[in-house]
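Observations on the model geometry
What follows is each chain in one-letter form.
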Amino acid sequence: NRSTSLVLALAAVASSASTSSAFVAPTTSSSAQKSSSSTTTSLSGLFDNWGTGGSGNSKESLDDQWEQQQAILKARRAPASEREQYFQKVEERRNEATRKQKDMWAWQTKKYGKGEDPLTEWKKRRESGQISDLEDQYGDPKKVGGIP
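What you see is a predicted model, and the numbers here were worked out from it, not measured in a lab.

Our next topic: the overall build of the protein chain. Looking only at helices and strands, the protein chain has five helices and zero strands in total. Of the regular secondary structure in the protein chain, the N- to C-terminal order runs α-α-α-α-α. The buried share among the 148 residues of the protein chain stands at 5%. When the accessible surface of the protein chain is totalled, it reaches about 13,800 Å², and 55% of it is carbon and sulfur.

Okay, here's the thing in structure tokens:
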């Protein structure tokens, strides 16, 4: 029944708490504690070389990140006219990137006439360097080829 199982569970907890030393402070003499200025832990130096800020962040990198953050905060506090100028520049960059992308790939959507071949256009762009080498498209010798 329910009350019996509750009593048994409480008895088990009480029994294990009385035999366990998990919640008991270690006994040391006060003179030994006064003579020792440091204590050792069982971590065996696990966090000795651990630093804040994530892995690979040097002092210079953290300073650069702080400066970038301050620039962002300054831009947020800027007057509305300066923010509007910033967003206009962003929009211009986006439009330019879109135009370049369309120009680069327009040959694929072009309606070719009789006797025209998209392969010749591809070869021409390949020779000019507009289309990169499929074997080295990532610039990493380990990542070679297209679809694996």
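On to the side chain of Glu121. Relative to the elements of secondary structure, Glu121 occurs in helix 5 (residues 118-128). Polar side-chain contacts of Glu121 include one of 2.8 Å to the side chain of Arg125. Sequence-distant contacts of Glu121, that is, excluding residues within four places in its chain, are made with Trp107 and Tyr112.

Moving on to the packing of aromatic side chains. Going through the model one piece at a time under the given rule, you end up with two aromatic pairs. Centre to centre, the rings of Tyr86 and Phe87 are 5.2 Å apart; their planes meet at 70 degrees, and the pair counts as edge-to-face.

Positionally, Arg125 belongs in helix 5. By relative accessible area, Arg125 is classed as buried at 12%.

This part covers the packing of helix 4 (residues 80-109) against helix 5. Any two packed helices are characterised by how steeply their axes cross, that is the angle between the axes, and by the distance between the axes. Contact geometry for helix 4 and helix 5: axes closest at 9 Å, N-to-C directions at 150 degrees. In terms of axis orientation, helix 4 runs roughly antiparallel to helix 5. Contact with helix 4, carried on its side by Asp103, Met104 and Trp107, involves Pro118, Glu121, Trp122 and Arg125 of helix 5 and no other residues of that element. Grouping the amino acids of the contact of helix 4 with helix 5 by side-chain chemistry returns four nonpolar, no polar and three charged.

What follows deals with the pattern of salt bridges. By the definition in use, this model includes five salt bridges. Arg99 is paired through a salt bridge with Glu96; the nearest N and O atoms lie 2.5 Å apart. Pair noted here: Arg99 and Glu96 are both in helix 4, with a separation of three residues, about one helical turn. Residues Glu116 and Lys110 are paired through a salt bridge, measuring 3.8 Å at the closest nitrogen-oxygen approach. Its relative accessible area of 41% is what places Glu116 among the partly exposed residues. For Lys110, a relative accessible area of 41% corresponds to the partly exposed category.

What follows is about a nonpolar patch on the surface. There is a patch of nonpolar side chains on the surface, built from Leu43, Leu46 and Phe47 and spanning about 330 Å² of accessible area. As for its placement among the helices and strands, Leu46 is situated in the loop between helix 2 (30-35) and helix 3 (59-77).

On to the confidence of the model for the protein chain. Per-residue pLDDT for the protein chain has a mean of 77; in total, 63% of the residues score no lower than 70. Across the protein chain, the element-wise mean pLDDT spans from 52 in helix 2 up to 91 in helix 4.

Criteria and cut-off values
- Residues numbered from 1 in each chain as written.
- Predicted model: local features only at pLDDT ≥ 70, side-chain atom pairs only at ≥ 80, totals over all residues.
- Heavy atoms only, no water.
- Helix = DSSP H or I, 4+ residues; strand = E, 2+ residues; numbered from the N terminus.
- Buried < 20%, exposed > 50% of the residue type's maximum accessible area, 1.4 Å probe, protein only.
- Areas by Shrake-Rupley, 256 points an atom, 1.4 Å probe, with all protein chains shown as cover.
- Polar contact = N/O pair within 3.5 Å; in protein donor to acceptor, adjacent residues only side chain to side chain.
- Contact = heavy atoms within 4.5 Å.
- Phe/Tyr/Trp six-rings, centres within 6.5 Å; stacked < 30°, edge-to-face > 60°.
- Axes fitted to C-alpha atoms, helices over the stretch in contact; angles between N-to-C directions.
- Parallel < 35°, antiparallel > 145°, perpendicular 65-115°, else oblique.
- Nonpolar A, V, L, I, M, F, W, Y, C, P; charged D, E, K, R; others polar.
- Salt bridge = Lys/Arg side-chain N within 4 Å of Asp/Glu carboxyl O.
- Patch = residues over 30% accessible without salt bridge, like charges linked within 9 Å, V, L, I, M, F, W, Y side chains within 5 Å.
- pLDDT = per-residue confidence, 0-100.

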